[in-house]
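One-letter residues, chain by chain:
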Amino acid sequence: MPGKPKYYLTTPIYYTNGLPHIGHTYSTIVCDTIRRYKRMRGYDVVMTTGTDEHGVNVERSAKKAGVPESEFVAKMAAEWRALWEELGVQGDEFIRTTDLKHAHTVQWLFKQCRDNGFVYPGHYTGQYCIYDNAYVDVKPGENCPDCGRPTETVTEANFYFKLSAFQKPLLDWYAKHPDFIQPEARRNEVLSFVEGGLRDLSITRTSVRWGIPVPGEEPHVLYVWFDALTAYLSAVGGPQYEKTGFWPANLHLVGKEIIRFHAVYWPAFLMAAGLPLPKQIWAHGWLLMDSAKMSKSLGNVVRPRPIVHVLGMDALRYYLLRETVFGQDGNFSYEALVQRYNSDLANGLGNLASRAAAMMEKNSGGKIPQPAAFQPQDTVLATRAQEVIGEVLEQYDQLGFSLALEEIWSLIAATDKYLTTEHPWSLTDSEADQQRRATILWTTAEVLRIVTALTYPVLPESATRVWSLLGQPDQPGSFPLDGLRWGQLAPGTLLGKSQALFPRIEKAEAIERMESMEKEAQKQPSPVTVPAPPSTPAAGGAAAAAAPAAAEKIGIEDFAKVEMRVGQIKTAERIVGADKLLKLTVDIGTEIRQICAGIAQYYEPEKLIGRKVAVVVNLAPRKLRGVESNGMIIAATVGPEGRPVLAGFPDEDVEIGARLK
Ligand SMILES: [Zn+2]
C-alpha cells in the first residue's frame, strides 16, 4: 500500500507456562485498541503478539504433564491464541519463540553482537528464580525478592553480553529521546537504574536443553531475554526487516514489571548489533485485586473468559480501558465491572441507540430523517460533538483511553438531556412539529454516528452493530477518522435492522455467575480452563449474536427459532491440540454434518458411534480450534467440574431427523 505510513506495535510475548489472566488481557486489549485506532487514522498497521516458549519452567511443566516440550507449548500457544480471538483481538503476527524464523533471527542477532565485540565467554554463579526466569540478587538459601519463592544456586559456562559498555550510549539515547520510555515515573526508574551502573549479562545457559542453540557452541542455548525480546524483530522479517519496512517498532507495550528488560537490555542488544531502536516503550500499571497484585500463588487471579461469557467481550474491553488511567495501577472488581456495564453501556450507549432507532422507525419510515431549520439547541449539541471529535483523537493519540471514553460518554449524556428537553415524542402531527421532530431525530442520529466511529477501537462489536443500524456502509473500522465531521449523515439513508445491544443485567446474579465460573477454572489443572462460550463471536463480527446471556424469559416464538433434531453419530475422533474436543460427523436425516463437541474428556470416541443425540441444526457454522463445527450437540452440565452428559433417547427408537419441540 504505497503512501500509507507504517505503524508497528507489540504486546509482550507471553510466557507459556501459564494461561492468560486479566493482566495479560489488559495489555493485549490496549494494543488491539491502538491497532484499530491507527488503522482508522490511515496507517498501515502491524500488531504482534505471541508466546515465549523456552526455558527451565517449560521443561519441568512438560515433564510433569508427561509430554514432549514441543507438544506442551503447542497446546499452550493454541490456548492463548484462541482466547485472543474470543476477545476480538486482531493480531497480525502471532510469533512463537519455537518458530524456525525466530530461531534464525536470534542466532543472527547473537552473531552480530559477537562480531561487533559485545559477547564473550565466561562462567557465572548466582541465585536464579526459575519462576521469574531471572538471576536475582540474593544470597544462597534466600527467596526470590520478586515472588518470594525459593531460588536455586546455578554455576555454569555461558556467554556474556557486555551490557556495561552501554551505560553511556543508553543514557545519551534517553536524553535525546525524552519520549522513549513512558510514563514519566517508569522513565525515572530506568534512568536511575542505568545511572547506578550496568553489569554484564549472561545470555546463554548450558544447563538448559529447551532453548535456541548457539551454532557451533553447543550445548549453549540462548535464554530468556535475548531469546524472547528478539521475537519483536523476528515477527517482521528478522534479518530482512528492511524488506517489510516495519522495523523499528513504533511501540512496545509492556507491563511495568518488565520495563527494565525492554528499556535497557533490548535497546542495548540492538545497539550492539547496529540495528535501529524502537520509538517508544510504554509501561502500563497493574490491575490489582483488593490492592494486591494478581498472581497464581496468591490465588486471586481473574480470568477473562467468565466475564466475556456473562457480559460480552465489549463490556470487558470497555471496563478495562475506562476504569483505569493508562499507566497507573487500577483496581479490578466484578462489582465495578457490572456497574459500568449497566450504567454506561446498557443505560448509556445501548439505550440511546435503541431509543433513536425506535423513534426513526416510527416517525420517518425506517430512514434517516431530513432535518429542517436548526435551532440554537441543535447547534449547541453539534458544536459539542465537533469538539468531542478533536478531544477524543487527541486523547487516543496519547493513549488516554479513560479520558477519551469520558469525553464520548459526556456527549451521550448531553444527547440524553437534549432529548429530554426537546421531547420529540410529544410533538404533534402538524407540519411544523413534524419538521421539528425530524430535525431532533436527525441530530440524535448524527451524534450516534459520531459516537460509534469514535468508540469502535474500544467496542468493535457493538459499534459495528450501531453502525449498521444507522445504515452506514462497510464497518466503522474502515471509516477514516481524519475525515469525521458533524453533518455527514445523509438524510434518507435506510436504517439497518435494530438489535438489542446491552441488555440490562441483574448485578448480584451476574457476579455470582462470573465468580462461580472463575472458581471452576481455578480448579482445573489442565491448560483448558473454561470451555469457550459458544456464543462468543469472532473479531468484530457484525452479525454476531448479543453476547450477554441474561436470564430473561423468552417467548415461544424465540424458542421456535432454535431447530433441534435427532441425529446419529457416524464417526468420532480426537482433535490434535484440543484435549476437550471431539470431531464428529452426525447424520441429521437430511445431510451429514461435521460438529465439534467439548466432550473428549468424558466420552471415548469409538463408543459414540451409532449413538442418537439431540442436535441444534440451525446454528451458524463456527470454527473451534480451527475445525469447522456446523451445529451443536446438546448435553447437560453435571457436577462441580461441569462434566458433559449427552442428551439422548434410550427408551424409544426415534427416527433420525425428527424435530425436537
Ligand atoms: Zn521469583
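Above: the structure in question.
What counts, and at which threshold
Residues numbered from 1 in each chain as written. Predicted model: local features only at pLDDT ≥ 70, side-chain atom pairs only at ≥ 80, totals over all residues. Heavy atoms only, no water. Helix = DSSP H or I, 4+ residues; strand = E, 2+ residues; numbered from the N terminus. Rg over C-alpha atoms; globule rule 2.2 N^0.38 Å. Buried < 20%, exposed > 50% of the residue type's maximum accessible area, 1.4 Å probe, protein only. Contact = heavy atoms within 4.5 Å. Core = buried A, V, L, I, M, F, W, Y, C linked by side-chain atoms within 4.5 Å. Expected span 1.5 Å × (residues − 1). Arc of directions from axis to C-beta. Axes fitted to C-alpha atoms, helices over the stretch in contact; angles between N-to-C directions. Parallel < 35°, antiparallel > 145°, perpendicular 65-115°, else oblique. Nonpolar A, V, L, I, M, F, W, Y, C, P; charged D, E, K, R; others polar. Pairing = 2+ DSSP bridges. Polar contact = N/O pair within 3.5 Å; in protein donor to acceptor, adjacent residues only side chain to side chain. Salt bridge = Lys/Arg side-chain N within 4 Å of Asp/Glu carboxyl O.

Draft legend 1. Just the overall build of the chain, in detail. When helices and strands are counted, the chain shows 20 helices and 26 strands. Its C-alpha atoms give the chain a radius of gyration of 28 Å, near enough to 26 Å, the size a compact globule of 661 residues would have. The dimensions of the chain, computed from C-alpha atoms along their principal axes, are 90 × 70 × 50 Å. Scored against the burial criterion, the 661 residues of the chain give a buried share of 54%. Counting only contacts in the chain whose residues sit at least 6 apart along the sequence, the fraction spanning at least 24 positions is 75%.

Draft legend 2. Representation of the nonpolar core. In this structure, Ile 307, Leu 311, Phe 332 and Leu 454 are the most contacted members of the largest nonpolar core, which totals 110 residues. Of all hydrophobic cores here, the second largest spans 65 residues; its members include Ile 130, Val 194, Val 221 and Ala 272.

Draft legend 3. Structural context of helix H18 (residues 507–523). Its 17 residues give H18 an end-to-end C-alpha distance of 25 Å, which sits within 8% of 24 Å, the value for a rise of 1.5 Å per residue. Looking only at H18, the buried set comprises Ala 510, Ile 511, Met 514, Met 517, Glu 518 and Ala 521. Seen from one end, H18 has its buried residues packed into an arc of 135°, which puts them on one side. More than 90 degrees from the buried face of H18, the exposed residues found are Ala 508, Glu 512, Lys 519 and Lys 523. Those residues of H18 hidden inside the fold are in contact with helix H11 (304–311) and helix H13 (334–363).

Draft legend 4. Structural view of the packing of helix H2 (residues 56–65) against helix H3 (residues 69–86). Here H2 crosses H3 at 100°, and the two axes come no closer than 9 Å. As the angle between them shows, H2 and H3 are arranged roughly perpendicular. Two secondary-structure elements touch here, H2 through Val 58, Glu 59, Ser 61, Ala 62 and Ala 65 and H3 through Glu 69, Phe 72 and Val 73. When its residues are assigned to classes, the contact of H2 with H3 shows 5 nonpolar, 1 polar and 2 charged.

Draft legend 5. View of the sheet that holds strand S13 (residues 281–284). Reading across from one edge, S3-S2-S1-S12-S13-S7 is the order of the 6 strands in this open sheet, with parallel pairing throughout. Bordering the open sheet on either side are strand S3 (93–96) and strand S7 (181–182), each of which pairs with just one other strand. Alignment of strand S12 (residues 251–255) against S13, held across 4 bridges, turns out to be parallel. Paired with Gly 255 across the bridge in S13 is His 284. Against the sheet, helix H1 (residues 22–40) touches strand S1 (6–15), strand S2 (44–52), S12 and S13, its axis set at about 170° to S1.

Draft legend 6. Fine view of the pairing of strand S4 (residues 119–129). Where S4 lies against strand S6 (residues 152–161), 10 bridges are found, and the strand directions are antiparallel. Bridging from a neighbouring strand, Pro 121 pairs with Phe 159 of S6. With 3 bridges joining them, S4 and strand S5 (residues 134–136) adopt antiparallel strand pairing. In the sheet register, Cys 129 faces S5, and the bridge partner there is Ala 134.

Draft legend 7. Fine view of unusual backbone geometry. Cis rather than trans, the peptide bond between Gln 182 and Pro 183 has omega equal to -10°. Note the cis peptide between Trp 247 and Pro 248, where omega equals 5°. Within the secondary structure, Pro 248 sits in the loop between helix H9 (241–244) and S12. Its identity is not glycine, yet Leu 399 carries a phi of approximately 60°, on the positive side. Relative to the helices and strands, Leu 399 resides in the loop between helix H14 (376–397) and helix H15 (401–422).

Draft legend 8. View of the sheet that holds strand S8 (residues 201–202). Taken together, the 4 strands give an open sheet; going across it, the order is S5-S4-S6-S8, and neighbouring strands pair in antiparallel fashion. The open sheet has two edge strands, S5 and S8, and neither has a second partner. Direction of pairing for S6 relative to S8: antiparallel, over a ladder of 2 bridges. In the sheet register, Phe 161 faces S8, and the bridge partner there is Leu 201.

Draft legend 9. How the structure looks around the side chain of Glu 86. The residue Glu 86 is located in helix H3 in this model. On the accessibility criterion, Glu 86 (11% relative accessible area) is buried. Only 2.8 Å separates the side chain of Glu 86 from the side chain of Arg 305, close enough to count as a polar contact.

Draft legend 10. Geometry of the side chain of Asp 344. Within the fold, Asp 344 resides in helix H13. For Asp 344, a relative accessible area of 10% puts it in the buried group. A distance of 2.8 Å separates a polar atom in the side chain of Asp 344 from a polar atom in the side chain of Ser 343. Contacts of Asp 344, omitting those with residues within four sequence positions, involve Tyr 318, Arg 322, Leu 349 and Trp 409.

Draft legend 11. Region of interest: the pattern of salt bridges. Tallied over the entire structure, the rule returns 35 salt bridges. For Glu 387, the salt bridge goes to Arg 384, with nearest N and O atoms at 2.9 Å. Of this pair, Glu 387 and Arg 384 both sit in helix H14, separated by 3 residues, roughly a single helical turn. Taking the relative accessible area as the measure of exposure, Arg 384 reaches 23% and is therefore partly exposed. Connected via shared salt-bridge partners are Arg 384, Glu 387, Glu 391 and Glu 407.

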